[in-house]
Amino acid sequence: MPEAVIVSAARTPIGRANKGSLKDMRPDDLAAFAIRTALEKVPALDPHDVDDVYLGCGLPGGESGFNMARVVNVLNGMDDVPGATLTRYCASSVQTTRMAFHAIRAGEGDVFVSAGVETVSRYAKGTSDHWPDTRNPVFADAVARTEQAAQGGQQWHDPRQDDTIPDIYIAMGQTAENVAQLRGLSRQELDEFGVRSQNLAEKAIVDGFWEREISPVTTPDGTVVSADDGPRAGVTLEAVSQLDPVFRPDGVVTAGNCCALNDGAAAVVVMSDTRAAELGLTPLARIVATGVSALSPEIMGLGPVEATRRALANAGMSIVDIDLVEINEAFAAQVVPSYQDLGIDIDRLNVNGGAIAVGHPFGMTGARLQNTMLNSLDWHDKSTGLVTMCVGGGQGMALILERM
């Protein structure tokens, strides 16, 4: 049975949505750039020999619509290469890598591109206003319960206790507050984690870590963007502790301990080990195993826990076998209990900072985390890495890589 290996990786900088460096970039152009850059890193490979391109996008509509993967292939002069656009929201481009992994293991192809993109800046105007019109009325009571909780002064009620239907449409910030209540998380410990993310990202910038994985993008006005917008220098606990809660008046989630809205794209080239050998390539890593799980949408932040356990079981490994871990930092309120439940040593977790500092463009994040893990395993001379995240709608996903 062939092994699936990653032979190249590329990502754009990450911009802040609506006001950041990439706000004028179309999602299809950004994704085309990331994929083209990843393929250019493998000059021995003819792009027309790619079996399929899988492109993840959290909310594929508007400029991100019309099966964007095919649009991107045509933009890149690969009109003879098929493509599929899919969504598993925050884990969309872990799902695309999983699909490539499975196809190779099944013997149904040798070369795949796994990519992800999100440009929140380019969402159709009025999108958020129209979302309520798309909601299934079956969830009306659950939505009303969430809206009432958002006013503050109410403990999270587990719908499983009385068979009440959960709120599938719940805003991610509200789920973070639910998890914080459920686990008794303090504002200070969440702020401390947020400051850790910013401080580690700042150090990684100074050390030259991030520039190794970022491919500069030229925007329509000719500006060259070569760094992420999000990381801030000199962030202190004292300053972060002064920020007001964002989602509930009595809440603990603030702009200092959660990610922002972002734009960006990333890609990895996944190949069978036999084809890599034929082309004389030295793979960056082997895909060992994946895992996916589901839980109540209202506490989706705990999704990494079961997903990681399933990936480890599929790999025949335990958490002590993992050298480095990347848990997507959508909210400190979900990362903290997740790494604690899994028994992860914090010194192995998000060692160069995470999405609180760097950003979380939904469809891009899975591929971005793979880029970062490959970079980190090499930078720190480690062997095994775990990438995992919570997923909007109440899911978790995990991916294990082994450096080669």
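Residues numbered from 1 in each chain as written. Predicted model: local features only at pLDDT ≥ 70, side-chain atom pairs only at ≥ 80, totals over all residues. Heavy atoms only, no water.

A. Structural detail: the overall build of the protein chain. Each helix and strand counted, the protein chain has 13 helices and 12 strands in total. The C-alpha atoms of the protein chain give a radius of gyration of 20 Å, which matches the 22 Å a tight globule of 404 residues would have. Considering only C-alpha atoms, the protein chain reaches an extent of 60 × 45 × 45 Å along its principal axes. Accessible area of the protein chain: about 15,700 Å², with a carbon and sulfur share of 50%. A gap of 1 Å separates the mean positions of the 31 positive and 52 negative side-chain charges of the protein chain. (Helix = DSSP H or I, 4+ residues; strand = E, 2+ residues; numbered from the N terminus. Rg over C-alpha atoms; globule rule 2.2 N^0.38 Å. Areas by Shrake-Rupley, 256 points an atom, 1.4 Å probe, with all protein chains shown as cover. Lys, Arg positive; Asp, Glu negative; His and termini not counted. Charge placed at Lys NZ, Arg CZ, Asp CG, Glu CD.)

B. Structural view of helix H11 (residues 332-342). For H11, the buried fraction is high: 9 of the 11 residues fall into the buried class. Residues Ala332, Ala333, Gln334, Val335, Val336, Pro337, Ser338, Tyr339 and Leu342 constitute the buried set of H11. In this structure, the buried residues of H11 make contact with helix H6 (172-183), helix H7 (187-207), helix H10 (303-315), strand E10 (324-327), helix H12 (355-358) and strand E11 (384-391). Note on H11: the residue one or two positions beyond its end, glycine 343, has a positive phi of about 70°. (Buried < 20%, exposed > 50% of the residue type's maximum accessible area, 1.4 Å probe, protein only. Contact = heavy atoms within 4.5 Å.)

C. Examining the packing of aromatic side chains more closely. The final tally for this structure, using the stated rule, is 6 aromatic pairs. Grouped by ring-pair contacts, the aromatic residues Phe209, Trp210 and Trp379 constitute a single cluster. (Phe/Tyr/Trp six-rings, centres within 6.5 Å; stacked < 30°, edge-to-face > 60°.)

D. Main features of the packing of H7 against H11. One can describe the packing of H7 onto H11 by two numbers: an axis separation of 9 Å at closest approach and a directional angle of 95°. Of the possible angle classes, the one that applies to H7 and H11 is roughly perpendicular. Every residue of H11 that contacts H7 at Glu189, Leu190 and Phe193 is listed here: Ala332, Ala333, Val335, Val336 and Tyr339. Each residue belonging to the contact of H7 with H11 can be placed in one class, and the counts come to 7 nonpolar, no polar and 1 charged. (Axes fitted to C-alpha atoms, helices over the stretch in contact; angles between N-to-C directions. Parallel < 35°, antiparallel > 145°, perpendicular 65-115°, else oblique. Nonpolar A, V, L, I, M, F, W, Y, C, P; charged D, E, K, R; others polar.)

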